[in-house]
Amino acid sequence: YSASFASVLFFCAAALAAVILRRLARSRKRVRVYIKTTRGEARLTALRDSGNLLTEPVSGLPVIIARAEAVAEAAPPAVLYALGCEQVPGAWVPGADGAKAEDGEQIYPIAYRSLGGSGALYGFEPRLCLVNGSRYRCVVALCRSASFSGCAALVNLDRQEEWI
């Protein structure tokens, strides 16, 4: 009787340890992101994705890909307009030159290719981006209706040179 009790106890402890380790691994894959621009700020959870190798072609800055609705309060209107998320009368529509929008923030067209196809995203360089409380220089590109395993964005934090 005691041997079966010990094996049940061992099984329960192993199952509990597996659940705890899975949650710890999942929490390490998620980071807190704070974005501040002249328009506003956004706080979101991002999924760490070492496969996200997207960079802004001119500056070489890494790109955080975020759902538009998650950063709408902070995103420049021209980026939202280009994405078709918001009708902004008279808003400047970004071109391929990365010219400055009305509020002085840089708008970046970013070409991408993925398993699902290819296209262009529009992004901006925030005045401040914090990832888990540390400054991170990047471009935030917006997308519509993407699913990032329950997170609002994808970020690759392997590029240490962008940490300020």
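Refer to the structure printed above.
These numbers were taken from a predicted model, which means no experiment stands behind them.

**Q** So, the overall build of the chain: which residues are in play, and what are the values?
**A** The number of helices and strands found in the chain is 3 helices and 9 strands. The linear arrangement of helices and strands in the chain, starting from the amino end, is α-β-β-β-α-α-β-β-β-β-β-β. Within the chain, the fraction of its 164 residues that count as buried is 36%. Long-range contacts, defined as pairs at least 24 residues apart, comprise 61% of the intrachain contacts of the chain with a sequence gap of at least 6.

**Q** Go over unusual backbone geometry with me, naming the residues and quoting the values.
**A** Of note in this structure, Asn-132 is not a glycine but carries a positive phi near 50°. By secondary structure assignment, the location of Asn-132 is in the loop between strand 6 (128–131) and strand 7 (134–135). Phi is positive for Ser-149, which is not a glycine, with a value near 55°. Within the secondary structure, Ser-149 is located in the loop between strand 8 (139–143) and strand 9 (153–155).

About the thresholds
Residues numbered from 1 in each chain as written. Predicted model: local features only at pLDDT ≥ 70, side-chain atom pairs only at ≥ 80, totals over all residues. Heavy atoms only, no water. Helix = DSSP H or I, 4+ residues; strand = E, 2+ residues; numbered from the N terminus. Buried < 20%, exposed > 50% of the residue type's maximum accessible area, 1.4 Å probe, protein only. Contact = heavy atoms within 4.5 Å.

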